[in-house]
Structure formats: structure tokens, C-alpha cells
Amino acid sequence: MGVLFKQYLSGDKIYTCSQCKTHCTDHSQLISKAFQGRHGRAYLFSDVVNITVGPREDRMLITGLHTVADIYCITCNSVLGWKYEVAYEESQKYKEGKYILEKAKVMKEGSW
């Protein structure tokens, strides 16, 4: 296995993996807090770092059928949420290419 390269974010409001504290995203990437994950509340972000993306699968969510891929922390391999690959309903297309981080899987770091 090769060397693991991690990106460290420099903002004052960072979301990290709750298991290993690896940086995931900055507060400026937050789009919405009005989402539901498998483990409760979830947040929609425009960009996330230090993740691996799992295989794509069709999943029936509250807002309809989507093709999604689970996202994993690159350090500890914990499932953090998912990436929206395809939204089949026109009103949901804005989610494509965006990321869900489950509130139960991330922590806040910095000066909140």
C-alpha cells in the first residue's frame, strides 16, 4: 500500500470525521442542514475532501429515486454519508455531484 495523502483545511470552521478527526470539509461548503440520513440529521455540502467513493447504487430516498455512492473516510474507512451521482426527478437535479455528511458521523473543529 502506498503513502496516504491527506488534505488539511485551514478555515476556522472545519467538519472532521468523528472517529479519527480527519478533515472533511469547511463550513463555507455547506449548502443545507435540512436533510435526513440513515442515522438522523444530515448536511448537504458542495465539496468534501479526504474521502473514497464506493460503488454506485440506486437508492429510494425521501425525495425519490437517486443513484448514490457511499463515501468513506480515507483514514479510518468509516462511512460518513453519500455522494449524489444522479437524481431522476427534475426538481432534485441540484443535488447531483454534491455530498451528504451525516451529523452523527462528523464533528466540528475550530472556533464555532
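Nothing here was measured: the structure is a model prediction, and the numbers come from that model.

K.L.:
How do you make sense of the overall build of the protein chain when you look at a structure like this?
P.N.:
Helix and strand content of the protein chain: zero helices and nine strands. Listed N to C, the secondary structure of the protein chain is β-β-β-β-β-β-β-β-β in terms of helices and strands. Against the 2.2 N^0.38 benchmark of 13 Å for 112 residues, the protein chain shows a C-alpha radius of gyration of 14 Å, consistent with a compact globule. Projecting the C-alpha coordinates of the protein chain onto the three principal axes gives extents of approximately 35 × 35 × 20 Å. A burial count over the protein chain gives 42% of its 112 residues as buried.

K.L.:
How should I be thinking about the UniProt feature "domain: Yippee" (unreviewed entry) in the protein chain in this particular structure?
P.N.:
If you check UniProt for "domain: Yippee" (unreviewed entry), the listed places come out as residues 13-110 in our numbering. Taken end to end, residues 13-110 comprises 0% helix and 63% strand; its first and last C-alpha atoms sit 5 Å apart.

K.L.:
Would you mind showing me how to read the layout of surface pockets here?
P.N.:
A water-sized probe, rolled over the atoms, reveals where empty space remains. Considered as a void within the structure, the largest pocket measures approximately 190 Å³ in volume. Forming the walls of the largest pocket are Ala34, Phe35, Gln36, Gly37, Arg38, Leu61, Ile62, Thr63, Trp82, Tyr84, Tyr94 and Lys95. When contributions to the lining of the largest pocket are tallied by element, the ones reaching two or more residues are strand S3 (30-37) and strand S7 (79-87). Among the residues making up the lining of the largest pocket, the classes are represented as seven nonpolar, three polar and two charged.

K.L.:
Where do I start with unusual backbone geometry in this structure?
P.N.:
Glycine aside, residues mostly have negative phi angles, and peptide bonds mostly take the trans form. Backbone geometry places Asn50, a non-glycine residue, at a positive phi of 60°. As for its position among the elements, Asn50 is in the loop between strand S4 (40-45) and strand S5 (51-61). By relative accessible area, Asn50 is classed as buried at 10%. One non-glycine residue, Asn77, lies in the positive phi region at around 70°. Summarising the element assignment, Asn77 is placed in the loop between strand S6 (64-73) and S7.

K.L.:
Is there a simple way to explain a nonpolar patch on the surface in this structure?
P.N.:
A cluster of nonpolar side chains, contributed by Met60, Leu65 and Tyr88, occupies part of the molecular surface with about 320 Å² of accessible area. As for its position among the elements, Met60 is in strand S5.

Conventions adopted
- Residues numbered from 1 in each chain as written.
- Predicted model: local features only at pLDDT ≥ 70, side-chain atom pairs only at ≥ 80, totals over all residues.
- Heavy atoms only, no water.
- Helix = DSSP H or I, 4+ residues; strand = E, 2+ residues; numbered from the N terminus.
- Rg over C-alpha atoms; globule rule 2.2 N^0.38 Å.
- Buried < 20%, exposed > 50% of the residue type's maximum accessible area, 1.4 Å probe, protein only.
- UniProt positions renumbered as here; feature names shortened; annotations may be inferred.
- 1 Å grid on protein atoms, 1.4 Å probe; cavity = no way out; pocket = protein on both sides within 12 Å on 5 of 7 lines; lining within 4 Å.
- Points joined across faces, edges and corners; volume = space filled by probe spheres on them.
- Nonpolar A, V, L, I, M, F, W, Y, C, P; charged D, E, K, R; others polar.
- Patch = residues over 30% accessible without salt bridge, like charges linked within 9 Å, V, L, I, M, F, W, Y side chains within 5 Å.
- Areas by Shrake-Rupley, 256 points an atom, 1.4 Å probe, with all protein chains shown as cover.
- Salt bridge = Lys/Arg side-chain N within 4 Å of Asp/Glu carboxyl O.

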